[in-house]
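So the chains spell out like this:
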Amino acid sequence: MRDRLLALENVKAIDWRDGTLHLLDQRALPSRESWVTCATVEAVAAAIRTMVVRGASAIGISAAYGLVLAARVRIAQGGDWQAAWEEDYALLANSRPTASHLFWALARMRDRLDRLKKHADPLVALEAEAMAIHESDREANLVMAQLGVERIRKHQGNAQAILAHGNTGALATGGVGTALGVIRAAFLEGLVEQVYVNETRPWLQGSRLTAWELAGAGIPVMANADSAGAHILKTKGVTWVVVGADCIAANGDVISKIGTYQLAVCAMHHGVRFMVVAPSSSLDLMMATGEEVALEQRDVGELLEVNGQRLDVQAFNPVFDVTPADLIDVIVTEKGVVERPDAAKLAKLMCRRRLH
């Protein structure tokens, strides 16, 4: 399965080359593929904030490389470079406040610096750590894909319809994807007849990005309006909803792309199983429930500007919502799988070594 998945890799969103970060501009897809070059930490923070790069894992990886760029500049300036580097750390931390993977990656970079041996080169150590974060995400994607497809096969061993929400593939990660990685693996195993993809706010990430990724891999895909989700679950024989997560609270509540919550409610009503696929770094055991997270909101202009005209009304444009744990059938991570998640099961999961 691993080699077959790797052979299906047809998209890369992050490229660290010659000491510079190159990001596939996801705002331009699918009409054109263009790359943004980030040579400074300010450029990386801006790329994250403006959604040149997006997806919890991809944001974390990009931020890790951003700290390498920051260290290079601060060391060259001399003086107490680590104190100045902390300002760059804060800049990146504030770029997208909801994704826990961002803070996990930043903390891992800081920890590496704290553990630096005397006379060791901090730039070499930080670059190696950022590259390790990138590679570990790629490996985690492969493990999650295999674990997820086992769950799909367990409950129905023939080709079936799956509904996806958001973008959780190679564009959002350092590898084949989280939820989309599972869908890719299921397709390779002959378990996918059709994938329905919600258009997904903001910026139609489902219809622009996920549908583009799936079509490029030769997987049968049909894009649909978010508001058609319940109708599809009722009429199209969907057996699984498979989504990613930007953050998972200690009790199993999932913070994910806006619209995930209502999709989970509809899935339970129609007897459709609901799978969340995310790396263990998305799990925040310090957050008791999902209600504690500050949910990001975007410019209301994304909702109010229609056909070149601005509607003169107020608007509410949240990027994420919270799906309660009792609506989730299974959470898949690289550490293992949790059925019917709760605080005790997730705490036990986090004590496990990573699966290989």
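Here the structure is a predicted model, which is why all the values come from computation and not from measurement.

Trainee: Got a minute to help me understand the UniProt feature "binding site: substrate" (unreviewed entry) in the protein chain in this structure?
Mentor: The UniProt entry lists Arg54, Gly55, Ala56, Arg96, Gln205, Ser256 and Lys257 under the feature "binding site: substrate" (unreviewed entry), expressed in the numbering used here. Here Gly55 shows up in the loop between helix H2 (41-49) and helix H3 (56-77). Overall, the relative accessible area of 13% leaves Gly55 in the buried class. With respect to the secondary-structure elements, Ser256 resides in strand S9 (residues 254-257). In this structure Ser256 touches Gly244, Ala245, Asp246, Val319, Phe320 and Asp321, once residues within four positions along its chain are discounted.

Trainee: Sorry if this is basic, but what is going on with the nonpolar core here?
Mentor: Across soluble globular proteins, you tend to see nonpolar side chains buried next to one another. Grouped together as the largest cluster of nonpolar side chains are 43 residues, with contacts concentrated most on Ile14, Leu21, Leu23, Trp85, Leu92, Leu106 and Met109. Looking at this core, the elements that each hand over two or more residues are strand S1 (14-17), strand S2 (20-24), H2, H3, helix H4 (81-93), helix H5 (100-114) and helix H6 (122-155). Among the elements that take part in this core, H3 stands out by supplying 11 residues, more than any other. Leaving out residues up to four positions away in the same chain, Leu23 has contacts with Ala13, Ile14, Ser34, Trp35, Val36, Cys38, Ala47, Val52, Val53 and Ser62. Grouped together as the second largest cluster of nonpolar side chains are 33 residues, Ile162, Ala217, Trp240 and Met275 included.

Trainee: What is the right way to read the pairing of strand S7 (residues 238-243) from this model?
Mentor: Looking along a regular strand, one sees side chains alternate from face to face of the sheet. Of all six residues that make up S7, six are buried, and the element is covered over most of its length. Where strand S4 (residues 160-164) meets S7, four bridges bridge the pair, whose relative direction is parallel. Looking at S7, one finds that Leu163 is bridged to Val241. Note that S7 and strand S10 (residues 273-277) share four bridges and pair parallel. Along S10, the bridge assignment pairs Val243 with Val276.

Trainee: Please explain the side chain of Ser100 as it appears in this structure.
Mentor: Relative to the helices and strands, Ser100 resides in helix H5. For Ser100, the residues in contact, after removing those within four places along its chain, are Asp246, Cys247, Ser281, Ser282 and Leu283.

Trainee: Honestly, the packing of aromatic side chains in this entry has me stumped. Any pointers?
Mentor: The geometry of two aromatic rings is summed up by the distance between their centres and the angle between their planes. Summed over all chains, the structure comprises two aromatic pairs. Between Trp16 and Tyr65, the aromatic rings sit 4.6 Å apart at their centres with planes inclined by 5 degrees, giving stacked as the arrangement. With Trp16 in strand S1 and Tyr65 in helix H3, this pair connects stretches of sequence that are 49 residues apart. A cation over a ring is seen here: Arg110 above Tyr89, with NZ or CZ 3.8 Å from the ring centre.

Trainee: Would you mind going over the sheet that holds strand S15 (residues 330-333) with me for this structure?
Mentor: Reading across the sheet, the seven strands line up as S6-S5-S4-S7-S10-S15-S16 and stay open at both edges, with mixed pairing between neighbours. In this open sheet, the two edge strands, each paired with only one partner strand, are strand S6 (221-224) and strand S16 (336-339). Between one strand axis and the next, the sheet turns through 25 degrees on average, direction left out of account. With five bridges connecting them, S4 and strand S5 (residues 192-198) associate as parallel partners. Within S5, the position partnered with Ala164 by the bridge is Val197. Set on the sheet, helix H7 (residues 179-188) makes contact with S4, S5, S7 and S10; between it and S5 the angle comes to about 160 degrees.

Trainee: Even after reading the chapter, I still don't get the pairing of S4, so can you show me in this structure?
Mentor: A large share of S4 lies buried, amounting to five of its five residues. On S4, burial covers both faces: Gln160, Ile162 and Ala164 on one face and Ala161 and Leu163 on the other are all buried. Each parallel crossover has a hand, and for S4 linked through H7 to S5 it is right-handed.

Trainee: Would you explain unusual backbone geometry in this entry?
Mentor: The phi torsion of most residues other than glycine is negative, and most of the peptide bonds are trans. Looking along the chain, the bond that leaves Leu29 and enters Pro30 is cis, with omega of 0 degrees. Along the chain, the position of Pro30 falls in the loop between S2 and strand S3 (35-38). Cis geometry marks the peptide bond from Arg201 to Pro202, where omega comes out at -10 degrees. Inspection of the secondary structure puts Pro202 in the loop between S5 and helix H8 (205-216).

Calculation rules
Residues numbered from 1 in each chain as written. Predicted model: local features only at pLDDT ≥ 70, side-chain atom pairs only at ≥ 80, totals over all residues. Heavy atoms only, no water. UniProt positions renumbered as here; feature names shortened; annotations may be inferred. Helix = DSSP H or I, 4+ residues; strand = E, 2+ residues; numbered from the N terminus. Buried < 20%, exposed > 50% of the residue type's maximum accessible area, 1.4 Å probe, protein only. Contact = heavy atoms within 4.5 Å. Core = buried A, V, L, I, M, F, W, Y, C linked by side-chain atoms within 4.5 Å. Pairing = 2+ DSSP bridges. Phe/Tyr/Trp six-rings, centres within 6.5 Å; stacked < 30°, edge-to-face > 60°. Lys NZ or Arg CZ within 6 Å of the ring centre and 35° of its normal. Axes fitted to C-alpha atoms, helices over the stretch in contact; angles between N-to-C directions. Right-handed = clockwise from strand over helix to strand, strands pointing away.

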